[in-house]
Amino acid sequence: MNNFISKFSELYDKHALGSDIVVYTAIIGDYDELKDPLIVDKGVDYVCFTDSDKIKSKIWKVVKIDNLYRDPRRTARILKVLPHKIFNRHKINLWVDASFLIKGSVKNFYQKFYKNSLSCFPHNDRYCVYDEIKDAIYKDSLRILKKQAEDYKKDGMPKNFGLISSGILLRNNQNEKVSRLMNYWANQIDLYSSRDQVSFSYCIWKLNEKYFSIPLNIFKNDYFENINHS
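The rules behind these values
- Residues numbered from 1 in each chain as written.
- Predicted model: local features only at pLDDT ≥ 70, side-chain atom pairs only at ≥ 80, totals over all residues.
- Heavy atoms only, no water.
- Pairing = 2+ DSSP bridges.
- Helix = DSSP H or I, 4+ residues; strand = E, 2+ residues; numbered from the N terminus.
- Contact = heavy atoms within 4.5 Å.
- Axes fitted to C-alpha atoms, helices over the stretch in contact; angles between N-to-C directions.
- Buried < 20%, exposed > 50% of the residue type's maximum accessible area, 1.4 Å probe, protein only.
- Phe/Tyr/Trp six-rings, centres within 6.5 Å; stacked < 30°, edge-to-face > 60°.
- Lys NZ or Arg CZ within 6 Å of the ring centre and 35° of its normal.

Before we move on, can you summarise the sheet that holds strand 6 (residues 118-122) with the specific residues and values?
Remark on secondary structure: sheet strands pair via backbone hydrogen bonds, oriented parallel or antiparallel. Across the sheet, which stays open at both edges, the seven strands sit in the order 3-2-1-4-7-6-8 with mixed pairing between neighbours. Edge positions in the open sheet fall to strand 3 (61-64) and strand 8 (212-213), since each of these has one partner strand only. Note that strand 4 (residues 92-96) and strand 7 (residues 164-172) share five bridges and pair antiparallel. Residue pairing across strands places I92 opposite N172, the latter belonging to strand 7. Where helix 3 (residues 106-113) meets the sheet, it contacts strand 1 (21-27), strand 2 (44-50), strand 4, strand 6, strand 7 and strand 8, and its direction lies at approximately 110° from that of strand 1.

Before we move on, can you summarise the pairing of strand 2 with the specific residues and values?
The buried count for strand 2 comes to seven of seven residues, which makes it a mostly enclosed element. The alternating pattern of strand 2 places V44, Y46, C48 and T50 and D45, V47 and F49 on opposite faces, both of which are buried. Pairing geometry for strand 1 and strand 2, over seven bridges, is parallel. Residue pairing for strand 2: I21 is matched across the bridge by V44.

Before we move on, could you go through the packing of aromatic side chains and cite the residues and values that matter?
Under the defined criterion, the tally for this structure stands at 18 aromatic pairs. Seen in terms of ring centroids, F100 and F219 are 6.2 Å apart; in terms of plane orientation they differ by 15°. Their pairing is stacked. With a gap of 119 residues between them, F100 in strand 5 (residues 100-102) and F219 in the loop between strand 8 and strand 9 (224-226) connect regions that are remote in the sequence. A ring pair is formed by Y223 and F224, whose centres lie 6.4 Å apart and whose planes are at 45°; its orientation type is tilted. Note on accessibility: Y223 and F224 belong to one class, buried. K153 extends its terminal NZ or CZ atom over the ring of Y130, reaching a point 5.4 Å from the ring centre.

Structure (structure tokens):
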């Protein structure tokens, strides 16, 4: 995994402007269309990693990748959770899933909701990892998800510990605790299900870390609008 992700730092360095904030996304396997932000902030880099030659934009810096990590979904997930290994020139990174349209100021969003070096949206419908695993059985391997639930229970992971919607993540790129958490999260995604929301709360619990819960609905707010996957 480390050898795979290190290549992206080299790829991105060719495009980097060195702004304090980088907004990034990934489109792997023609799963989404790239949506240009309605508001573009000065002093912010917008980056899209993709394996497609069709993705073009005058706003996003499109970084073409040639090799995948295991499968398209895990490739996107690994890029999502390991930004500290890619964006060496930036202090703040904001992951925005490609299903979201950026319709508000990223800088304004950062100024309002950046706390604890890690800010996440709460899940709208669930509050428990085990409920999330039940919901994920139609989206990933039942065998892997059962194994994940069993291992988490054996380790003492409590019910109703909390759950995030991971489509948007705001992080400090240079905070050691956040980087440690993200490394642990990536290992869980590699070991178990690629449904990253399943493992995030376990990682928070296991490492005794904290995050700021953004007091907004991830699907209904002034900054982002969710548009169904193509």
